[in-house]
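Read off the chains here:
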Amino acid sequence: MLHHKCTNGLSNKAFDEYCTILQSTKAFLDSSIPKNYYEAKKQIRDLGVECIKIDVCPNDCMLYWKDNRDKERCDACGESRWISGTCQSGEKEASGKQKVKRKVARVLRWFPLIPRLQRYYMDPKTAEDMIWHDKERTKDGVLRHPADSQCWKTLDEKHRVFGSERRNVRLGLASDGFNSFGVMGTGHSTWPVFVTSYNLSPEKCMKQPYFIMFLLIPGPKGPGNNIDVYLQPLIGELKELWEMGIETYDAYSKQNFQMRATLLWTINDFPAYTNLSGWRHRRFLPIGHPLRRNLSSFNGRREHDSAPKPLSGEDVLRQFRGYHQITFGKEEHAVCGEKRRRDDNELPYNWKKISIFFELPYWKDLLLRHNIDVMHTEKNNSESWIGTLLNIEGKTKDNLNAREDLKVVGIRGPLHPEALGNNKFYLPPAKYTLSLAERRKICQFLRDIKVPDSYSSNISRHVQVQECKIPGLKSHDWHVLMQQLFLVAVRGILHDDVTRVLVEFSDFYTQLCSKTLRIEDLEALKKMYLTLCKMEMIFPPSFFDIMTHLPVHIAREAIIAGPVHYRWMYPIERYLYTLKKYVRNKSQPEGSIAQGYLADECLTFFSRYLSAEINTKFNQIGRNSDGDGATTSSHESPIFEDACRSLGKPIFRTLSDNEWEEARMYVLSNCDEILPFIE
């Protein structure tokens, strides 16, 4: 019944009436049908599907948790725990009237991690999947999974007791803010915190049914630098899972074991898009490289600095030595109304705080602690490229100020702006400058292009040919444009030097985003600094913000941590869209999301035990299905297929690579349009 409620979006009132009807039916008079939705939720409470509310200081200073549970005011800023004008329930005024119930100013919703990890081992099939990384993974030196990475192997070598138990869980943490109302003009930011298990096979570990939402940080403003205050419950559970572990029953091996867990890294978008100096890429060139002596194409100076070395966890802790943690909370709120000073304990090397993750005993041993998100770097670089080449207003990096920079530095004299009088200037064309007709030709190509279903969104809808604009694209659309479509569109139009650099840049992301990676190929990709140096010789300094520089580092991260599709934001962004749909009561968006998530969590758990005759999220029919049959995948059991055949339903399954190739060759061999090419 709960599964039916979740899959069909029944309201609580409809579910209550559903229960009343069943209770009045003769066939169910002696059964334990719940009276309402509240009674039904009580029956599944022991499964660990729960949400715990923790009161928070409205200025993000502290949690009213553990020893601070009964406090009325914040220790740091003195702000009341409650919204002013409300009183505690049960108290009475002098007149004998009941006082209004007090309302908490800010609430953090905590979904305990330990029982949810234990549920992975309650179902025999899922419990078997949790040892996939050791049992079925191909071990030939190719990077296909985080288990193939140096980060995973180094942690197991340094902590052999943990690495000796293959059922111990390796986690990744992801967090991002989103507008829960879905209205762009509304300034509301809700921050969920997710964890996912990398023990699972590649087709499962980054899918929504296997995500665990651990925290839901309320809006309307994001936590910012104070997010460490909200992460205290997470760090507490991770410490317990690392140091002592939790006794857990393994339904696959039918025995108990002490389950431990570790956090491998975090996944999130880049915290700031501050523009930095664009002449840093020559530092990565080998000593003696001729471009280090090139004066006219760069900033007019020789480059003598060597490439900076990545910091290890021990290096970071060494920099923090002698300093203590900052005081969290909003700066404008403090005790006695005085503005809190952050510079009393100014941390070195531009650090804003000592990360709470260093409280984990193993955090300093990790080779990669925080990932640079490939999705956002590729999207922003694509926007810079296309915005500049199409000369889109507000997006192009080539303007009067950019040309003035060239004049100030004293390089590329032919590109300096020429004054025409009346505060007007003429910008001489550069190698990347396209005429209006050429830009419209590129846009017309993108307007006419047709792609297969599920390949991308309908990019042609967004193309404005006359205005030479492409507004409203999503991150994945930029991914497709950068790696494939835009290269075809500009072929034969751009200057050869610009085309070669664009091809190298595109090829870098194409290889990096492959499902399988080889160390020798990634070592070659680490020379991305050569491509960036070529770009510096073509484009103005304003083109090189922080996002243009980050590709220098992401190839090294792939060597350490493996394929990028386990560490980028695409799955997280899709899940945020799912959470946004849970909001029904806009006065309580976080409460709506919490209830929707718990219902979906029940749905996922129940689906593993329901028969094949019931439509679940694991056997749903694809949107392009031609029949009423059930959809199955390669991991479904023969019992499922037999049940479908007995019901007369067709079975839809995923074709193997060989079957796809045979079908493709059959179509090509029997298509009239191909006959001239065959001849």
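Reference entry: report on the structure contained in this document. (Residues numbered from 1 in each chain as written. Predicted model: local features only at pLDDT ≥ 70, side-chain atom pairs only at ≥ 80, totals over all residues. Heavy atoms only, no water.)

### Notes on unusual backbone geometry
Part 1: With omega at 10 degrees, the peptide bond leading from G219 into P220 counts as cis.
Part 2: Positive phi, close to 55 degrees, is recorded for N391, a residue that is not glycine.
Part 3: Relative to the assigned elements, N391 resides in the loop between α13 (374-389) and α14 (400-409).
Part 4: Relative accessible area serves as the criterion here: at 43%, N391 is assigned to the partly exposed category. (Helix = DSSP H or I, 4+ residues; strand = E, 2+ residues; numbered from the N terminus. Buried < 20%, exposed > 50% of the residue type's maximum accessible area, 1.4 Å probe, protein only.)

### Quick notes on the sheet that holds strand β9 (residues 261-267)
To summarise the sheet geometry, strands pair through backbone hydrogen bonds and adopt either a parallel or an antiparallel arrangement.
Part 1: If you trace the 7 strands from one edge of the open sheet to the other, you get β2-β1-β3-β6-β5-β4-β9, paired in mixed fashion. Only two strands of the sheet have a single neighbouring strand rather than two, namely β2 (63-64) and β9.
Part 2: Looking at chain direction, strand β3 (residues 107-110) and strand β6 (residues 211-217) are connected through 2 bridges and run antiparallel. Pairing of W110 across the sheet is with L215, part of β6.
Part 3: Contacting β4 (169-175) and β9, helix α7 (residues 150-158) runs over the sheet at an angle of about 150 degrees to β9. (Pairing = 2+ DSSP bridges. Contact = heavy atoms within 4.5 Å. Axes fitted to C-alpha atoms, helices over the stretch in contact; angles between N-to-C directions.)

### Points about the environment of K13
Part 1: Structurally, K13 can be placed in helix α2 (residues 12-24).
Part 2: The spatial distance from the C-alpha of K13 to the C-alpha of Y37 is 8.2 Å, given a sequence separation of 24 residues.

### Topic: the packing of helix α4 (residues 113-120) against helix α11 (residues 232-243)
Part 1: Running from amino to carboxyl end, α4 crosses α11 at an angle of 50 degrees, the nearest separation of the two axes being 10 Å. Of the possible angle classes, the one that applies to α4 and α11 is oblique. Between α4 and α11, the residues in contact are L113, I114 and L117 and E237, L238, E240 and L241, respectively.
Part 2: Residues that form the contact of α4 with α11 fall into these classes: 5 nonpolar, no polar and 2 charged. (Parallel < 35°, antiparallel > 145°, perpendicular 65-115°, else oblique. Nonpolar A, V, L, I, M, F, W, Y, C, P; charged D, E, K, R; others polar.)

### Digging into α11
Part 1: The end-to-end C-alpha separation of α11 is 16 Å, in line with the 16 Å expected for 12 residues at 1.5 Å each.
Part 2: For α11, the set of buried residues is P233, L234, I235, E237, L238, L241 and W242.
Part 3: Trailing α11 by a residue or two, G245 shows a phi angle of about 80 degrees, which is positive. (Expected span 1.5 Å × (residues − 1).)

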